[in-house]
Amino acid sequence: DGFLSIILSYMRGYITMDTANRVFACMKSLSLPTTSPDLTSELAWQSCKDAVEHRHGEQRIPLITEIGDSVCVNDITPEELERAVEIMKQFDH
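The numbers attached to residues start from 1 for each chain and follow its sequence in the written order. Per-residue local features are limited, in this predicted model, to residues with pLDDT of at least 70; the limit for side-chain atom pairs, both in listing and counting, is 80 or more; totals at the level of whole chains, interfaces and linings are taken over all residues. Hydrogen atoms and water are omitted, and side-chain values are computed over all heavy atoms in the structure.

Between its first and last C-alpha atoms helix H3 (residues 41–54) spans 20 Å; for 14 residues at 1.5 Å apiece the expected length is 20 Å, and the two agree. With a 1.4 Å probe rolled over the protein chains alone, any residue whose accessible area is under 20% of its type maximum counts as buried; one over 50% counts as exposed, and the rest are partly exposed. Where helices and strands are cited, they refer to DSSP runs of H or I of at least four residues and of E of at least two residues respectively, numbered from the N terminus. Residues Ser41, Ala44, Cys48 and Ala51 constitute the buried set of H3. Along the axis of H3, the buried positions cluster into a sector of 70 degrees, meaning they face one direction only. Opposite the packed face of H3, turned more than 90 degrees from it, sit the exposed residues Glu42, Glu53 and His54. By definition, residues are in contact when any of their heavy atoms lie within 4.5 Å. Buried residues belonging to H3 abut helix H1 (2–11), strand S1 (61–66) and helix H4 (78–88). A helix is expected to reach a length of 1.5 Å times the quantity of its residues less one. Note that the arc is defined by the directions from the helix axis to the C-beta atoms.

Written out as structure tokens, the structure is:
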């Protein structure tokens, strides 16, 4: 879900696509997972709902605003996740 958060950060205008590409390249160079064959927008939404149960009623999803800085958001929507998963498919995982 790390790279999914990067794509959500891009979609919300917190970072540029150049920054998303830099993070992607770094993750790949470190052999970190950038996706999962099981990732669907439905599964991502279920994860958000599970987070709410364990985080005192809030999503508290971390999104980066630049390398080294982040914010936590509480308003991720199923539609956003669907779009993010589609954008992720454009990357060479």
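After presenting the structure, the write-up continues.
Strand pairing follows a simple DSSP-based rule, namely that at least 2 bridges must link the two strands. With five bridges connecting them, S1 and strand S2 (residues 69–73) associate as antiparallel partners. If you follow Ile64 over to S2, its bridge partner there is Ser70. What sits between the antiparallel neighbours S1 and S2 is a turn of two residues, in which Gly68 has the positive phi angle 95 degrees.

In short, shape yes, function no, at least from these values alone.
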